[in-house]
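Spelled out, the chains give:
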Amino acid sequence: MVWESSSKRKESWDALIQRADRLAEKYDSVKELLLFYAKLLCAQKEIYERLRSRKGWLPSGLLEEDLTVVRVMMPELLRSIEKSGTASLVEEAKLLLQASDDEIDRMLLEQWRAPSDASFFAKAFLQPYARWLAESGARPIDRDLGEGENHCPFCGGPPQLSFLLNKEATAESGNRDLLCSTCLTSWPFRRVVCANCGEERPSKLGYFQSPEYEHVRVEACDTCRHYIKGIDLTRLGLAVPLVDEVAAAPLDLWAQEHGYTKIELNLVGL
Ligand SMILES: [Zn+2]
Ligand SMILES: [Zn+2]
């Protein structure tokens, strides 16, 4: 079966990298974060392109089987982070560069089967693989994750962010979609509902913004005390959700200070 909705609103890696560079110039307070994220995106693009251009090979949807092809690209990601990461990531990269194939495989399979936003290297590494899976139509078959409308219908991953977008010229307020933290595809989601616990009562759902980021809001739930950030493309059409979400890091600090837990930390750990 071909996965049709995977082509919906997905920026090229170059568009993501350019947006990160542009926002690094715009927001001084998060410049370092964004420059780091831009380098990470370059490394992810490299992995994606090598997978995609590999002759006579398509991913099977079974990571265990694909590992022989996929894992050889890990050292490149590690060396890139060794040059640009924070002290703790640099240290972890050095350790992983000495790890055996078995250890790398175990780390990747564990993340694939039970994803954790704390597992930086595995999450960052698997995004380009999973994106290519979604685009080539090989549905993951060894990933038995939570079902339900708040999980990606393609790969089962949890949402990284939400975004509002006018899908029809006549729509006034915009549709809401969630973007998958694993394969980066998106799917439609109801507008006024918590993306973590499904709370629907408006009195339990809060939206918070700061003047610096007019197109980004914290969507918080007082029932489960979780939040996700929403990017409003009806306000700023040239925003790139994955990158603008990272750029609005001060909103994460605000939400966390107010006792909310993020549904899924992004790749800069916020
Ligand atoms: Zn997914
Ligand atoms: Zn909730």
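Scoring rules and cut-offs
Residues numbered from 1 in each chain as written. Chains lettered and ligands numbered in written order. Predicted model: local features only at pLDDT ≥ 70, side-chain atom pairs only at ≥ 80, totals over all residues. Heavy atoms only, no water. Donors = N, O, S within 2.8 Å, 3.2 Å for Na, K, Ca; no water. Tetrahedral: all angles 85-135°; square planar, octahedral: opposite > 155°, others 65-115°. Helix = DSSP H or I, 4+ residues; strand = E, 2+ residues; numbered from the N terminus. Buried < 20%, exposed > 50% of the residue type's maximum accessible area, 1.4 Å probe, protein only. Salt bridge = Lys/Arg side-chain N within 4 Å of Asp/Glu carboxyl O. Phe/Tyr/Trp six-rings, centres within 6.5 Å; stacked < 30°, edge-to-face > 60°. Lys, Arg positive; Asp, Glu negative; His and termini not counted. Polar contact = N/O pair within 3.5 Å; in protein donor to acceptor, adjacent residues only side chain to side chain. Contact = heavy atoms within 4.5 Å. Axes fitted to C-alpha atoms, helices over the stretch in contact; angles between N-to-C directions. Parallel < 35°, antiparallel > 145°, perpendicular 65-115°, else oblique. Left-handed = near helix turned anticlockwise from the far one by under 90°. Nonpolar A, V, L, I, M, F, W, Y, C, P; charged D, E, K, R; others polar. Core = buried A, V, L, I, M, F, W, Y, C linked by side-chain atoms within 4.5 Å. Domains from an automatic or database assignment.

Draft legend 1. Examining the coordination of the zinc ion (ligand 1) more closely. In this structure, Cys 152 (SG), Cys 155 (SG), Cys 180 (SG) and Cys 183 (SG) serve as the protein donors to the zinc ion (ligand 1), at separations of 2.3 to 2.4 Å. Around the zinc ion (ligand 1) sit four donor atoms, and with donor-metal-donor angles ranging over 98 to 116° the site reads as tetrahedral. Here the donor residues of the zinc ion (ligand 1) are spaced in sequence according to C-x2-C-x24-C-x2-C.

Draft legend 2. Region of the structure containing the coordination of the zinc ion (ligand 2). Within the first shell, the zinc ion (ligand 2) binds the protein through Cys 194 (SG), Cys 197 (SG), Cys 221 (SG) and Cys 224 (SG), at distances of 2.2 to 2.4 Å. For the zinc ion (ligand 2), the four donor atoms are set out with angles of 106 to 112° between them, so the coordination reads as tetrahedral. Here the donor residues of the zinc ion (ligand 2) are spaced in sequence according to C-x2-C-x23-C-x2-C. With Cys 197 in the loop between β3 (186–189) and β4 (205–210) and Cys 224 in the loop between β5 (213–221) and β6 (226–232), this pair connects stretches of sequence that are 27 residues apart. Under the relative-accessibility criterion, Cys 197 is labelled partly exposed at 39%.

Draft legend 3. The arrangement of the pattern of salt bridges in detail. Tallying each qualifying case throughout the model produces 21 salt bridges. In this structure, Lys 94 engages Glu 82 in a salt bridge whose closest nitrogen and oxygen atoms are separated by 3.1 Å. One end of the pair, Lys 94, is in helix α5 (residues 87–97); the other, Glu 82, is in helix α4 (residues 74–84), and twelve residues separate them in sequence. What makes Lys 94 partly exposed here is its relative accessible area of 41%. With a closest N to O distance of 3.2 Å, Lys 262 and Asp 252 form a salt bridge. Here Lys 262 is found in strand β7 (residues 261–262), whereas its partner Asp 252 is found in helix α9 (residues 249–257), with ten residues between them in sequence. Residue Lys 262 shares its accessibility class with Asp 252, and that shared class is buried.

Draft legend 4. Fine view of the packing of aromatic side chains. What the rule picks out here adds up to eight aromatic pairs. Measuring from ring centre to ring centre gives 5.5 Å for Trp 112 and Tyr 129, while their planes differ by 65°; the resulting arrangement is edge-to-face. Linking Trp 112 in helix α6 (residues 101–113) with Tyr 129 in helix α7 (residues 120–136), this pair joins segments that are 17 residues apart in sequence. Taken individually, Trp 112 and Tyr 129 each receive the classification buried, so the pair is uniform in this respect. Between Phe 120 and Phe 121 the ring centres are 4.9 Å apart and the planes differ by 85°, which places this aromatic pair in the edge-to-face class.

Draft legend 5. Quick peek at the side chain of Asp 142. Relative to the elements of secondary structure, Asp 142 occurs in the loop between α7 and β1 (159–165). The buried charged residue Asp 142 lacks any salt bridge partner; its closest oppositely charged side chain belongs to Arg 113, at an N-O distance of 4.3 Å. One polar contact links the side chain of Asp 142 to the main-chain amide nitrogen of Leu 63, over a distance of 3.0 Å. For Asp 142, the side chain forms a polar contact with the side chain of Trp 112, separated by 2.8 Å. Contact partners of Asp 142, with chain neighbours within four places excluded, come to Gly 61, Leu 62, Leu 63, Glu 64, Trp 112 and Arg 113.

Draft legend 6. Broad picture of the packing of helix α2 (residues 31–52) against α4. At their nearest, the axes of α2 and α4 sit 10 Å apart, and the two run at 170° to each other. Regarding the angle of α2 to α4, the classification is roughly antiparallel. As for the relative orientation of α2 and α4, their crossing is right-handed in sense. On α4, the residues touching Phe 36, Lys 39, Leu 40, Ala 43, Glu 46, Ile 47 and Arg 50 of α2 are Glu 76, Leu 77, Ser 80, Ile 81 and Ser 84. Looking at the contact of α2 with α4, its residues break down into six nonpolar, two polar and four charged.

Draft legend 7. Broad picture of unusual backbone geometry. Despite not being glycine, Leu 184 shows a phi value in the positive range, around 65°. Tracing the backbone shows Leu 184 in the loop between β2 (175–180) and β3. Of the residues examined, Leu 184 reaches a relative accessible area of 5% and is grouped as buried. Although it is not a glycine, Arg 225 sits at a positive phi angle of roughly 60°. When you line up the elements, Arg 225 lands in the loop between β5 and β6.

Draft legend 8. Examining the nonpolar core more closely. Counting residues in hydrophobic clusters, the biggest one holds 86 residues, and the most contacted among them are Leu 77, Leu 108 and Phe 121. By residue number, the principal contributor to this core is α7, which donates eleven residues. Two domains share this core, each providing at least three of its residues, namely domain 1 (11–136) and domain 2 (159–262). With near-sequence residues (within four places) excluded, Leu 77 lies in contact with Leu 40, Ala 43, Ile 47, Phe 121, Ala 124 and Phe 125.

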